[in-house]
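Overview (structure and organization)
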Amino acid sequence: MNRSLSLLIAVAAIGVPTVASAAEERVFDVPRGSLASSLPLISRQGGVSISVADPKLWNGRVKSVRGRMSVDEAIARMLVGTEARAIRVSATSWRIERRPPPPPKVARRATSPPQPPPKARAPDNLVAGPGDEIIVTASKTDIPHANFAGVATVLGGGDLAFGGERGMESILSRMATVSSTHLGSGRNKLFIRGIADSSFTGPTQSTVGQYLGDIRLSYNAPDPDLRLYDIQSVEILEGPQGTLYGAGSLGGIIRVVPQAPDPDAQYVQASAGASLTQHGDPGGDIGATLNLPVADGRHALRLVGYMVSDGGYIDNPLRGQRDTNRVNVRGGRGAFRFDAGDDWTVDLGGVYQSIKSDDAQYTDRDAPPLVRNSMVEQNASARYAMGTLVIMKDWDGLHFQSSNAAVRHRVFERFDASKEGEAPRILDQRNVTRLFVSETRLSRPYRDGLGWVIGASILDNRTRQNREFGDVFMQAPLTGVTNSITEFTGYGEATVEVMPHIIAAGGIRFSHARLDGSGEDVPLAFAAANRAIAISAHRTENDLLPSASLLASPLHNVTLYVRYQEGFRPGGLAVDSNFVRRFRNDRVQTIEGGVRFGEKGRTPFDANISLSHSRWRDIQADFIDANGFPSTANIGDGRITSISGAFAVRPMAGLSFDLGAVYNHSRVDRLFAEALRTIVVQNYAGVPGMPGAPVSADGSVADSALLARLGQIPNVARYAVRGAVNYETPVGDEDFRLNGWANYVGPSRLGIGPVLGEGQGDYVDTGLAMRLGNPMRGLSLTLTNLFDARGNRFSLGTPFIEGSAGFLTPLRPRTVRIAIDVAY
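Residues numbered from 1 in each chain as written. Predicted model: local features only at pLDDT ≥ 70, side-chain atom pairs only at ≥ 80, totals over all residues. Heavy atoms only, no water.

**Digging into the overall build of the chain**
Cut-off, in case you're wondering: Here a strand is any run of E in DSSP of at least two residues, a helix any run of H or I of at least four, and the numbering for each starts at the N terminus. By definition, residues are in contact when any of their heavy atoms lie within 4.5 Å. Where accessible areas are quoted, they stem from the Shrake-Rupley method and a 1.4 Å probe; at the residue level, only the protein chains shown are allowed to cover.
Per the secondary structure count, the chain includes nine helices and 43 strands. Within the chain, counting contacts between residues at least 6 apart in sequence, those at least 24 apart form 67% of the total. For the chain, the exposed surface amounts to about 33300 Å²; the carbon and sulfur share of it is 60%.

**Structural notes on the pairing of strand S19 (residues 299–310)**
On a regular strand, one side chain projects to one face of the sheet and the next to the other, so that they alternate. This is how the line gets drawn: A strand pair is defined by DSSP finding two or more bridges across the two strands.
Taken together, the 11 bridges between strand S18 (residues 283–294) and S19 define a ladder with antiparallel strand orientation. Residue Leu 292 lies in a different strand from S19, and its bridge partner there is Leu 301. Between S18 and S19, which follow one another and run antiparallel, lie four residues, and Ala 295 among them has a positive phi close to 55°. Pairing between S19 and strand S20 (residues 327–341): 11 bridges, direction antiparallel. Looking across to S20, one finds that Asp 310 is bridged to Val 327.

**Some words on the side chain of Asp 197**
What counts, and what does not: Exposure classes here rest on a 1.4 Å probe applied to the protein chains alone. A residue is buried below 20% of its type maximum, exposed above 50%, and partly exposed in between. Two N or O atoms form a polar contact when they lie within 3.5 Å of each other; inside protein one atom must be a possible hydrogen donor and the other a possible acceptor, and for residues adjacent in sequence the pair counts only when both atoms belong to side chains.
Structurally, Asp 197 is set in the loop between strand S12 (190–192) and strand S13 (208–212). For Asp 197, a relative accessible area of 2% puts it in the buried group. Reaching out from Asp 197, the side chain makes a polar contact with the side chain of Arg 569 at a distance of 2.8 Å. If we skip the residues at most four places from it in the chain, Asp 197 touches Lys 189, Phe 191, Thr 204, Gln 205, Thr 207, Arg 569, Trp 616, Gln 620, Ala 621 and Pro 714.

**Things to note about the packing of aromatic side chains**
Here is the rule we go by: Here is the rule: rings of Phe, Tyr and Trp (six-membered ring for Trp) pair when centre to centre is within 6.5 Å. Planes less than 30 degrees apart are stacked, more than 60 are edge-to-face, and the remainder are tilted. Only Lys NZ and Arg CZ are tested; either one counts as a charge over a ring when it is within 6 Å of the ring centre and within 35 degrees of the ring normal.
Per the counting criterion, the structure on display carries six aromatic pairs. Summarising the aromatic geometry, the rings of Phe 605 and Phe 647 are spaced 6.3 Å apart at their centres and angled 35° between planes, so their arrangement reads as tilted. Taken together, the residues Phe 605 in strand S34 (residues 605–624) and Phe 647 in strand S35 (residues 630–652) connect sequence positions 42 residues apart. Judged by relative accessible area, Phe 605 falls into the partly exposed class, the value being 42%. Taking relative accessible area as the criterion, Phe 647 reaches 40% and is therefore assigned partly exposed. Judged by centre distance (6.2 Å) and plane angle (20°), the ring pair of Tyr 719 and Tyr 744 falls under stacked. Placement of the pair is Tyr 719 in strand S38 (residues 719–731) and Tyr 744 in strand S39 (residues 734–749), with a sequence separation of 25 residues. Among the residues examined, Tyr 719 registers a relative accessible area of 36% and is labelled partly exposed. Looking at Tyr 744, the relative accessible area reads 23%, which means it is partly exposed. Note that Arg 372 overlies the ring of Tyr 362, its terminal NZ or CZ placed 4.9 Å from the centroid.

**Section: the sheet that holds S13**
With mixed pairing, the five strands of this open sheet are ordered in space as S10-S15-S16-S13-S14. Strand pairing shows two members of the sheet lacking a second neighbour, strand S10 (152–156) and strand S14 (215–216), which therefore form its edges. Strand direction decides the pairing type here: S10 and strand S15 (residues 231–238), joined by five bridges, are antiparallel. Note on S15: the bridge partner recorded for Gly 156 is Ser 233.

**Some remarks on the confidence of the model for the chain**
To be explicit about the condition: pLDDT gives the predictor's per-residue confidence on a scale running from 0 to 100.
A residue-level look at the chain finds 83% of positions with pLDDT of 70 or above and a mean pLDDT of 83. Counted against residues more than four places away or in other chains, residues 1–22, with its pLDDT under 50, gives 43 contacts. For the stretch residues 684–695, pLDDT sits under 50, and the model shows 21 contacts to residues farther than four places along the chain or on other chains.

**Side note on a positive patch on the surface**
Selection rule: Note on patches: the residues involved have over 30% relative accessible area and no salt bridge, like charges join within 9 Å, and the nonpolar side chains Val, Leu, Ile, Met, Phe, Trp and Tyr join within 5 Å. Take a side-chain nitrogen of Lys or Arg and a carboxyl oxygen of Asp or Glu: if they are within 4 Å of each other, that pair is a salt bridge. The charged-residue count follows a simple rule in which Lys and Arg add positive charge and Asp and Glu add negative charge, with His and chain termini not counted at all. Charged side chains are reduced to one point each, which is NZ for Lys, CZ for Arg, CG for Asp and CD for Glu.
On the surface, Arg 330, Lys 356, Arg 383, Arg 408 and Arg 410 cluster together to form a positively charged patch. As for its position among the elements, Arg 410 is in strand S24 (residues 398–416). With a relative accessible area of 35%, Arg 410 lands in the partly exposed category.

**What to know about the sheet that holds strand S6 (residues 84–90)**
Either a parallel or an antiparallel arrangement is found when strands of a sheet pair, and the pairing is made through backbone hydrogen bonds. For clarity, the cut-off: The convention used is that axes are lines fitted to C-alpha atoms, helices contributing only their stretch in contact, and that angles between N-to-C directions extend from 0 to 180 degrees.
Taken in spatial order, the three strands make up an open sheet running S3-S7-S6, and their pairing is mixed. Lying at the two open borders of the sheet, with one neighbouring strand each, are strand S3 (49–52) and S6. Ignoring which end each strand starts from, the neighbouring axes of this sheet average 25° apart. Judged from the six bridges that link them, S6 and strand S7 (residues 93–98) form a sheet pairing that is antiparallel. Across the sheet, residue Arg 88 finds its bridge partner in S7, namely Trp 94. This element, helix H2 (residues 35–46), spans S3 and S7 of the sheet and lies at about 160° to S3. The sheet strands contacting helix H3 (residues 71–78) are S3, S6 and S7, and the helix crosses S7 at an angle near 20°.

**Considerations on the pattern of salt bridges**
In the structure shown here, the tally under the stated rule is 43 salt bridges. The partner of Glu 413 in a salt bridge is Arg 187, with the nearest N and O atoms 3.0 Å apart. One end of the pair, Glu 413, is in strand S24; the other, Arg 187, is in the loop between strand S11 (178–180) and S12, with 226 residues separating them in the sequence. With respect to class, Glu 413 is no different from Arg 187; both count as buried. When the shortest N-O distance is used, the salt bridge between Arg 569 and Asp 586 registers 2.7 Å. Pair noted here: Arg 569 is in strand S30 (residues 558–569) and Asp 586 is in strand S33 (residues 586–597), with a separation of 17 residues, a long-range link. For the pair Arg 569 and Asp 586, a shared accessibility class is recorded, and that class is buried.

**With respect to the environment of Gly 33**
Its location among the elements puts Gly 33 in strand S2 (residues 33–34). Considering only alpha carbons, one finds Gly 33 and Met 78, 45 residues apart in sequence, at a separation of 9.8 Å. In this view, Gly 33 contacts Ser 38, Gly 60, Arg 61 and Val 62; residues no more than four positions away in its chain are not counted.

**Things to note about the nonpolar core**
This is how the line gets drawn: Only buried Ala, Val, Leu, Ile, Met, Phe, Trp, Tyr and Cys residues count toward a nonpolar core, and they belong to the same one when joined by side-chain atoms within 4.5 Å.
Within the largest apolar cluster, 35 residues are counted, with the highest numbers of intra-cluster contacts made by Ile 171, Val 234, Ile 236, Ile 254 and Met 386. In this view, Met 386 contacts Leu 212, Ile 215, Arg 216, Leu 217, Gly 349, Gly 350, Val 351, Ala 405, Ala 406 and Val 407; residues no more than four positions away in its chain are not counted. In terms of nonpolar packing, the next biggest core, distinct from the first, is built from 23 residues, Phe 28, Ala 36, Leu 39 and Val 52 among them.

**Things to note about H3**
Inclusion rule: By construction, the arc corresponds to the directions joining the helix axis to the C-beta atoms.
For H3, the set of buried residues is Val 71, Ala 74, Ile 75, Arg 77 and Met 78. The buried residues of H3 all sit within an arc of 160° when viewed along its axis, so they share a single face.

**With respect to the environment of Gln 205**
As for its position among the elements, Gln 205 is in the loop between S12 and S13. With relative accessibility at 3%, the residue Gln 205 sits in the buried group. Along the backbone, Gln 205 and Ser 249 are 44 residues apart, and their C-alpha atoms lie at a distance of 9.3 Å. Setting aside anything within four residues of it in sequence, one finds Gln 205 in contact with Asp 197, Arg 216, Tyr 219, Asn 220, Ala 247, Gly 248, Arg 569, Pro 570 and Gln 620.

**Quick look at the side chain of Ser 309**
Relative to the elements of secondary structure, Ser 309 occurs in strand S19. Ser 309 gets classed as buried once you look at its relative accessible area, which sits at 18%. Reaching out from Ser 309, the side chain makes a polar contact with the side chain of Arg 326 at a distance of 2.6 Å. Residue contacts for Ser 309: discarding those within four places in its chain leaves Gly 283, Gly 284, Arg 326, Val 327 and Asn 328.

Here it is, written out as structure tokens:
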């Protein structure tokens, strides 16, 4: 049976609710890719049958198709610039064949009328397209989700934007397994599947790798919280991803895929919203996207700009201020796609975003709701800038890509360091990160039971942290630190269908890194004692990260898999009580297994459950030193067991229910002596029944009673549950969509010990969003925190120990947002 006949049978088997005519307009959302991957999508979304006469056309690259249009127009747009053309066979079927060679060129007369510009297409509908096959592009081999051995979640860009763009909050509200600290936008740390190190932002690398397309966003800086305007999708891979993504992916990765410049059409999209927060100030947001073909559709320019202002809602009676914690965000992206000929494509891009917080986001635990008494205005800012160069080529079923970027990330934070009965004191902390990263890879996208990727990368990162301490008029420098790393990496991974319905994958990554660190603003008295105190360090490090997986489909719509992966973070230097000291690299080894039923978006219901167990050695964690300042050390070894599951059902056309949950059990089962000394001094002074702790010969603590009190890994909710409902229906000539959600975040602890171990979490967050309109215009209404709950998202206000037990970070109070969106 040839492939054309197979496709016709597959399309017929999927089934469509209605049969489309050639002139009937439908909503299409088909990304750019090969004909083999794009054709089933456009067939399902158009409700038609399409065959391919020439098998050699399957590997050809085709254009993206997005917006409301006829099936004729959608197929024609997909094939623009290719060797193929579409022939309509009947009212509901098409045949794609090779385009005949063009006739000899005839010189065009100067008086010939110019060709009309391409018709402006409708923008992406905010309602996701029906029944698309999910491709896990973060696998670097474009493997279908049904063949991916692991937990991968793909969130549509339209879904994330629905109801208002909220940056990382949009992802957190849709994922039970992803969590975050809540110090403030642009200053938070992200965690996936219980792999969480600490509450403070120090020199340690994040446990979650963040990417914009194939570009690493940061190395050891907090989440930049880029706003998700004009995004195609977001992919979350859970568990260590060391083989493909290297250092800093212990918990997993979050990959944001922006919309690419489209040379086929010119259009503008814009949205504007106004919000009212109960007990607080109003806010607003505005965003716009421009896509502009250049040089008769050979090239394209895409620009995105936005401004967001979230009104404050926390009062500070001590300073006579109300609603002090307003946050302003301004930013944009630009990308120019250059068609260099012979299937070479060059993308030049840039990103800039500025976040300014007027004051801190926490309140006093013993004060009235939404009140903090502080003599210090704790403002903060984060500025992120990135320039990118991406070169791509597709030929003979292979894909070549070289992704290069330069990043500068600056974060300023001011903390209240006052002590009771004394004059106000402040701690100012500045982190400046410079990153250059380059990755080049060659891959064979997965098809016909085989996919592989080989690649090499170079990374150079330098982070400098400076601190100043004093009163509001004069501050003196404290010891800071500079860490730099240069890393050379090679990796490879292959996925093979070893026999029908059984797929095996394996890979390996080798990294060679040079790490350098030095103290900054070291007091002269300490510098003079350099014989005993290290203020600089240099070393090299080699790491080997293997991976292996096996997937089987013993029954129709039933998939089983098992997977082994590793991840690591390199060491560095940290400041501890004016001393500069080293911390070692840490490493995670994870084995997981799972089962999936059905296929998301293609069967009436789908479900999955996974079980993972991780062994975490030499855990790097940020903690409070003897002076009350954040520091970093290896605190010990730990274990994390995680069970997660999700269920979705579509009982009728346009209606779906989703439910997801996670259970985490995490323990530090061996504490190192140097970490224990700090924890005991800071947390257990005067605590009954805690006179000390036995230290074993290897410098660790294994006393079970002590570990029981110290051992829970911080910021890991023991359990979390998320539920959502989606409903879509036509209303006259318009479309109506409603989305409601509720998230329960279970209890967790801020840190290790009875003081830093202060409880947090145990709250419910809710929301409701609706839109009435069409792809060209729409009116939206969004309500968040429906029950005006307070909750406690995060128990850290300032890192100074005297206050850490008395803080909480509430949810934003009930907020209503009204918005319009238009497109031309």
